[in-house]
Amino acid sequence: MKTELLTPNEISRAAEIIKSGGLVGIPTETVYGLGANGLDPVAVRSIFQAKGRPQDNPLILHIPDPSWLERCCEDIPEAAWRLAERFWPGPLTMILKCRRRTPEELEALKKGPICSCTHTGPRIIPDVVTAGLDTVGMRCPAHDLCRAVIQAAGVPVAAPSGNTSGRPSPTSVGDMLEDMDGKIDAILDGGDCQVGVESTIIDVTAVPPRLLRPGGIPLEELRDVLGKVELDPAILRPMGEGEQPRAPGMKYRHYAPKAPVIVVKGSPARSAAYILEHLSPTYWDGVICFDEFADWYPGHPVERLGGALDHWENARRLFHALRAMDEAGVKRIWAQSPDTAGLGLAVVNRLDKAAGFHIVEV
Ligand code: TXA
Ligand code: MG
């Protein structure tokens, strides 16, 4: 398959491909997504194929404005509207109850399919999107091109991150091409992603609401709006035998470059010194570090994460740094880790997962 590279002027072409059941790489403010018509089970199935994604890992739906929530969800709690008001469009995904079809809708279905992609399940969203759960993740992204495409397509767009399953998420068109060239119909060029880590996922069907994945909206800001928010244990530690994280995707090894990663935690100066002491002179070690320490490791490939206190910049650069280590062909990666304040929690979570929780505390 030839993958078309679309310019920002080609929104209607992107929408047309989605409407006709194809796959389009779409820019969002967090990472690039791999989008398809979220109401078309056949199109959605092809997302799993292109990514090599396990079928039990549900997708989230992207909508152009909060008013679409009621098309897809029911029993929407008041907390969800407050979050939408404050953070949408923006890097927040809410887990909500999937809308069941009304008796009239079920009756209409009996008269035959409305279009070629109509599925006949009791819920409005096909099971292949939700992996059969009765909840669905909803997100309204803060990227004008992305929302314009969804609006033009006229359907909620199912989109996981556009990486091959297990790899770091794509934050540029180049990353998208690296993983998906030849496997999908098109990629819409929307420039580099400004947030750099995926959206924050919060389950608002739980009382109190539960953070399932830290991301572009900091936990502190959610607590500002909601008061109490619980943390799913899968955020900070590996799941044990028989334990299930609430976001199915959190159980998989993730965000991982080809080389093994060792995360070093502690004050920036100490972790930088620890890495210097343990770098092998003969082994092809790479280092991901804060800008302040970038010239400490001559002779080794180094990727900068921005300043040690600039967690926004750390987030923006993280996935690129992991991919760049692959390009350099290093045998092992040492990475400094920020603290968990603000966007730091998302960066720490992605690094821990990239390292399979191989962590050194200094
Ligand atoms: O920023 C983002 O969220 C990006 C961009 C493209 O929008 N998308 C993204 O999708 O990161 P994905 O599929 O890579 O991650 C979505 C996560 C997965 O871990 C999945 O298990 C979880 O959301 N998820 C989806 N539906 C869920 C549900 N009903 N309940 C709990 N977790 C769910
Ligand atoms: Mg992903």
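Rules used throughout
- Residues numbered from 1 in each chain as written.
- Chains lettered and ligands numbered in written order.
- Predicted model: local features only at pLDDT ≥ 70, side-chain atom pairs only at ≥ 80, totals over all residues.
- Heavy atoms only, no water.
- Buried < 20%, exposed > 50% of the residue type's maximum accessible area, 1.4 Å probe, protein only.
- Helix = DSSP H or I, 4+ residues; strand = E, 2+ residues; numbered from the N terminus.
- Pairing = 2+ DSSP bridges.
- Near = heavy atom within 4 Å.
- Polar contact = N/O pair within 3.5 Å; in protein donor to acceptor, adjacent residues only side chain to side chain.
- Areas by Shrake-Rupley, 256 points an atom, 1.4 Å probe, with all protein chains shown as cover.
- Domains from an automatic or database assignment.
- Contact = heavy atoms within 4.5 Å.
- Salt bridge = Lys/Arg side-chain N within 4 Å of Asp/Glu carboxyl O.
- Arc of directions from axis to C-beta.
- Core = buried A, V, L, I, M, F, W, Y, C linked by side-chain atoms within 4.5 Å.

Student: I'm lost on the pairing of strand β10 (residues 200-203) in this one. Help?
Tutor: Here β10 shows a buried face lined by T200 and I202 and a second buried face lined by I201 and D203. The pairing of strand β6 (residues 92-98) with β10 spans 4 bridges and is parallel. Its bridge partner lying in β10, I95 is registered against D203. In this structure, β10 lies alongside strand β11 (residues 210-213), joined through 3 bridges in antiparallel fashion. Its bridge partner lying in β11, D203 is registered against R210. Between β10 and β11, which pair antiparallel and follow one another directly, the connecting turn spans 6 residues.

Student: Just checking my understanding: could you explain the site of ligand 1 for this structure?
Tutor: Around ligand 1, a shell composed of 26 residues is seen, among which T30, N57, H62, S199 and G249 lie nearest. At 3.0 Å from a nitrogen atom of ligand 1 is found a side-chain nitrogen or oxygen belonging to T135. The backbone of P248 places a nitrogen or oxygen atom 3.4 Å from an oxygen atom of ligand 1. Out of a free accessible area of 680 Å², ligand 1 has 97% covered by protein chains. Among the secondary structure elements, those contributing two or more residues to the shell around ligand 1 are β4 (60-62), β7 (135-139) and β11. In terms of residue count, the dominant contributor to the shell around ligand 1 is β7 (3 residues).

Student: Would you mind showing me how to read the domain arrangement of the protein here?
Tutor: Segmentation of the protein into domains returns domain 1 (4-235) and domain 2 (261-361). With centres defined by C-alpha atoms, the gap from domain 1 to domain 2 works out at 30 Å. Tallying the contact residues gives 27 residues for domain 1 and 17 residues for domain 2. At the surface where domain 1 touches domain 2, the tally comes to 4 salt bridges.

Student: What is the right way to look at the side chain of R350 in this model?
Tutor: Mapped onto the secondary structure, R350 falls in helix α12 (residues 344-354). For R350, the contacting residues outside a window of four places in its chain are V197, E198, S199, R213, P214, G215, Y255, L318 and F319.

Student: Would you take a moment to explain helix α8 (residues 173-180) for this structure?
Tutor: Every α-helical turn comprises 3.6 residues, leaving residues that sit three or four positions apart pointing alike. Those residues of α8 that sit buried are V173, D175, M176, D179 and M180. With its buried residues spanning 160 degrees around the axis, α8 presents them on a single face. On its buried face, α8 sits against β1 (4-6), β2 (24-26), β3 (33-37), α2 (41-51), β9 (186-188) and α11 (311-328). G182, located one to two residues past α8, shows a positive phi value of around 90 degrees.

Student: What am I meant to see in the nonpolar core here?
Tutor: What tends to happen in soluble globular proteins is that the nonpolar side chains get buried as a cluster. Ranked by size, the top nonpolar core spans 75 residues in total, and within it L83, M94 and M138 carry the most contacts. Excluding residues within four positions of it along the chain, M94 makes contact with L69, A80, L83, A84, W88, V136, G137, M138, I202 and V204. Grouped together as the second largest cluster of nonpolar side chains are 38 residues, V197, A259, I275 and I288 included.

Student: Got a minute to help me understand the pattern of salt bridges in this structure?
Tutor: Pairing is possible between side chains of opposite charge, provided their charged atoms come close. Within the structure shown, the criterion is met by 27 salt bridges. Note that R82 and E78 form a salt bridge whose closest N and O atoms lie 3.2 Å from each other. Remark: E78 and R82 occur in helix α4 (residues 78-87); sequence separation between them is 4 residues, near one turn of the helix. For E78, a relative accessible area of 53% translates into the label exposed. Among the charged side chains, a salt-bridge network with shared partners connects R167, E178, D179, R323 and D326.

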